[in-house]
Amino acid sequence: MKVTFLGASQNVTGSRFLLETEFSRILIDCGLFQERDLRDRNWEKFPVDPKSISHLLLTHAHIDHCGYLPRFVKDGFQGKIICTPPTADIAKISLIDTAHIQESDAAYKKKRHKKEKRKGRHPEVPLFTEVDTFRVFSHFRTHDYEVTFDVTKDIKATYYDSGHILGAASIELKIKEGGKEIICIFSGDIGRWDRPILNDPHLFKQADYVFMEATYGNRVHEDAIASIDKLEQVINATDKSGGNVVVPTFSIGRAQELLYDLNILVKEKRIPQLMTFVDSPMAMKITEVFRRYSQYFDEEAQEFLDQYESLFDFPLLKFTKTSDESKAINHIKGTAVILAGSGMCTGGRVKHHLLNNISRPESTVLFVGYQAQGTLGRQILERPEKVRILGKRVDVLSKIEKINGLSAHADKNELAQWLKSFKPPAKKVFIIHSEKEAAEGFVNAVKEEISTDFHIPKYLEEVEIG
């Protein structure tokens, strides 16, 4: 049995893992690479023939885990895409949104390059179109948490709640090989304990091989209460200055959690009632999915729902649907809170809000999620004097703030808690979906407590297991 690491290996996007047995060839996740210096991989020929893969198992609907699906189907994949029901619904929305970004970015680049009489690094065509995206939907098959099903004749799978976003899962695979059963766990993205809306991550007891993310493997998040306090402070300080708070926001999960937190701050009168915009049609649609799947919420969120009927609604909250509504935000006098995608500033409407606010000393750019190396978000977070946005070099004069405690990813201590649940420890643990420094930091932090063999795979590395 063999696993090939086709992405998320010593980096945090492009999650793709090929599992091959004597009888089967399946893929776990099929994400886009989002780091600037790795995006060429999205345009390269897929390392294996998509037609040769019978099943694709998705952990969740973030683009770095599912965003390559339209291209994968376009290039010949004919099998089933298996995930939880919320993941299927959210993935359909996020893939359409990504196709729109691909198409608009390609058109913008073509126009800009023509004007500048130059060519870019990538073709001036979208990686995939909305039409390509619709072809993916008929491939979806769904299974709920903790229901075991046959993937192929020698592989059974069970999804468990990973606590990361709505519908996100860790996958347990039981594989028959040589008269014995081998258990592999693919963690997906591991969430956090005692966070709003979602349940805690499922803890496993047994596995032979574990493939676990360690995005924050060398860091400890701020306390959740301290994070809410900082959110309150940033909003109040920016309101006093008369600027806007621009929050690059992941439309799936982070936007809904922020709305929940803002709802509480407004109801407790800790912040004034300010115009608050969710400038993302995608986030609006995802929020509706959250409303449909309230049975997936944790006990605290259920109690909040019983008391207030909605987790996300409060006065002066507006979801902007059209680009004209988005542009109108720039004409508002006084302070507004603007939640806009994408979360790493790699595309979407947030770039326009950054362009209009990053040179204003009275405004604040507030990051509440991970910023991968090579993304615009990471560049801004490092506080350069100037930054390039939509082809323009602009001064960075706004306040740049970051709240780590709102992350949907487990930190070093929470990852260790998750891994320690395996008794006895797994034979081997592969650290994936993590930059090399974070992966090494996590291994060094836990190797004395957890007696197992750790490995940090490289891109396109093949390993034999079993």
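Residues numbered from 1 in each chain as written. Predicted model: local features only at pLDDT ≥ 70, side-chain atom pairs only at ≥ 80, totals over all residues. Heavy atoms only, no water.

1. Let's talk about the sheet that holds strand β22 (residues 462-464)
Pairing is mixed across the open sheet formed by seven strands, whose spatial order is β6-β5-β4-β3-β2-β1-β22. On the outer flanks of this sheet lie β6 (140-142) and β22, each paired with one strand and no other. In this sheet, neighbouring strand axes are inclined to one another by 25 degrees on average, regardless of whether the strands run parallel or antiparallel. Bridging between strand β5 (residues 80-83) and β6 involves three bridges; their strand directions are parallel. By the bridge assignment, I81 is partnered in β6 with F140. (Pairing = 2+ DSSP bridges. Helix = DSSP H or I, 4+ residues; strand = E, 2+ residues; numbered from the N terminus. Axes fitted to C-alpha atoms, helices over the stretch in contact; angles between N-to-C directions.)

2. Regarding the packing of helix α7 (residues 254-267) against helix α8 (residues 281-292)
For the pair α7 and α8, interaxial distance at closest approach is 9 Å and the crossing angle is 75 degrees. By the angle between their directions, the pair α7 and α8 is classed as roughly perpendicular. Listed contacts from α8 to A255, Q256 and L259 of α7 are A283, I286, T287 and F290. (Parallel < 35°, antiparallel > 145°, perpendicular 65-115°, else oblique. Contact = heavy atoms within 4.5 Å.)

3. Digging into the layout of surface pockets
Of the volumes computed, that of the second largest pocket is approximately 260 Å³. Forming the boundary of the second largest pocket are 13 residues, of which A224, I225, I228, D261 and I264 lie nearest the centre. Elements represented by at least two residues in the lining of the second largest pocket include exactly α6 (224-241) and α7. Tallied by class, the residues present in the lining of the second largest pocket amount to six nonpolar, no polar and seven charged. (1 Å grid on protein atoms, 1.4 Å probe; cavity = no way out; pocket = protein on both sides within 12 Å on 5 of 7 lines; lining within 4 Å. Points joined across faces, edges and corners; volume = space filled by probe spheres on them. Nonpolar A, V, L, I, M, F, W, Y, C, P; charged D, E, K, R; others polar.)

4. Thoughts on the sheet that holds strand β21 (residues 453-455)
The strand order β7-β8-β9-β10-β11-β20-β21 describes an open sheet built from seven strands, whose pairing is mixed. Strands with a single pairing partner mark the edges of an open sheet, and in this sheet they are β7 (149-152) and β21. Geometrically, the sheet is characterised by an average inter-axis angle of 25 degrees between neighbouring strands, direction not taken into account. Judged from the three bridges that link them, strand β20 (residues 428-432) and β21 form a sheet pairing that is parallel. Pairing of K428 across the sheet is with D453, part of β21. Running at roughly 165 degrees to strand β11 (residues 209-213), helix α13 (residues 412-420) makes contact with β9 (169-177), β10 (180-186), β11, β20 and β21 of the sheet. Contacts from helix α14 (residues 436-446) reach β11, β20 and β21 within the one sheet, and its direction differs from that of β20 by about 145 degrees.

5. Some remarks on the pairing of strand β15 (residues 336-340)
Remember that side chains alternate between the two faces of the sheet whenever the strand is regular. Judged by how many residues are buried, β15 sits mostly within the fold: five of five residues are covered. Alternating residues of β15 divide into A336, I338 and A340 and V337 and L339, and every residue in both groups is buried. Pairing geometry for strand β12 (residues 245-248) and β15, over four bridges, is parallel. Bridging across to β15, V247 finds its partner in L339. Relative to β15, strand β13 (residues 275-279) runs parallel, the two sharing five bridges. In the sheet register, F277 faces β15, and the bridge partner there is I338. (Buried < 20%, exposed > 50% of the residue type's maximum accessible area, 1.4 Å probe, protein only.)

6. Here we look at the pattern of salt bridges
In total, this model carries 24 salt bridges according to the counting rule given. Residues E462 and K2 are paired through a salt bridge, measuring 3.5 Å at the closest nitrogen-oxygen approach. With a gap of 460 residues between them, E462 in strand β22 and K2 in strand β1 (residues 2-5) connect regions that are remote in the sequence. K2 gets classed as partly exposed once you look at its relative accessible area, which sits at 22%. The partner of K420 in a salt bridge is E449, with the nearest N and O atoms 2.7 Å apart. Taken together, the positions of K420 in helix α13 and E449 in the loop between α14 and β21 put the pair 29 residues apart, joining distant regions of the chain. (Salt bridge = Lys/Arg side-chain N within 4 Å of Asp/Glu carboxyl O.)

7. What about the packing of aromatic side chains?
Going through the model one piece at a time under the given rule, you end up with 23 aromatic pairs. For the ring pair F17 and F186, a centre distance of 6.2 Å and an interplane angle of 40 degrees mean the geometry is tilted. With F17 in strand β2 (residues 17-20) and F186 in strand β10, the pair connects residues that are 169 residues apart, well separated along the chain. Grouping residues by exposure puts F17 and F186 together as buried. (Phe/Tyr/Trp six-rings, centres within 6.5 Å; stacked < 30°, edge-to-face > 60°.)

8. Points about the pairing of β10
Across the seven residues of β10, five count as buried, placing the element largely inside the fold. Here β9 hands over to β10 after two residues, with G178 in that stretch at a positive phi of 60 degrees. In the sheet, β10 pairs with β11 via three bridges, with the strands oriented parallel. Bridge pairing in β11 links F186 to F211.

9. Focus on empty space enclosed by the protein
If you walk through the whole model with that rule in mind, you get five cavities of 30 Å³ or more. Approximately 70 Å³ is the volume found for the second largest cavity. The wall of the second largest cavity is formed by 13 residues, among which S15, F17, D29, G188 and I432 lie closest to the centre. Across the lining of the second largest cavity, the residue classes tally to four nonpolar, six polar and three charged.

10. Notes on the side chain of H62
Counting through the fold element by element, H62 comes out in the loop between β4 (55-57) and α2 (63-66). In this structure the side chain of H62 is engaged in a polar contact, spanning 3.4 Å, whose partner is the side chain of H60. One polar contact links H62 to H164, side chain to side chain, over a distance of 3.2 Å. Once you skip the residues sitting within four places of it in the chain, H62 turns out to touch G67, H164, I165 and I252. (Polar contact = N/O pair within 3.5 Å; in protein donor to acceptor, adjacent residues only side chain to side chain.)

11. A short note on the nonpolar core
Ranked by size, the top nonpolar core spans 106 residues in total, and within it L69, F140, L173 and F211 carry the most contacts. Filtering out sequence-adjacent residues up to four positions away, F140 remains in contact with L58, L69, I81, C83, A88, A91 and K92. If you look at the next biggest cluster of nonpolar residues, it comprises 25 residues, including I183, A416, V429 and V446. (Core = buried A, V, L, I, M, F, W, Y, C linked by side-chain atoms within 4.5 Å.)

12. A few points about the packing of α7 against helix α9 (residues 299-308)
Axis separation between α7 and α9 bottoms out at 13 Å; the angle between their running directions is 50 degrees. As summarised for this structure, α7 and α9 are arranged oblique, according to the angle between their axes. Read as a crossing pair, α7 and α9 show a hand that is left-handed. Together, Y260, N263, I264 and K267 of α7 and E300, A301, F304 and Y308 of α9 make up the contact between the two elements. Its residues assigned to classes, the contact of α7 with α9 shows five nonpolar, one polar and two charged. (Left-handed = near helix turned anticlockwise from the far one by under 90°.)

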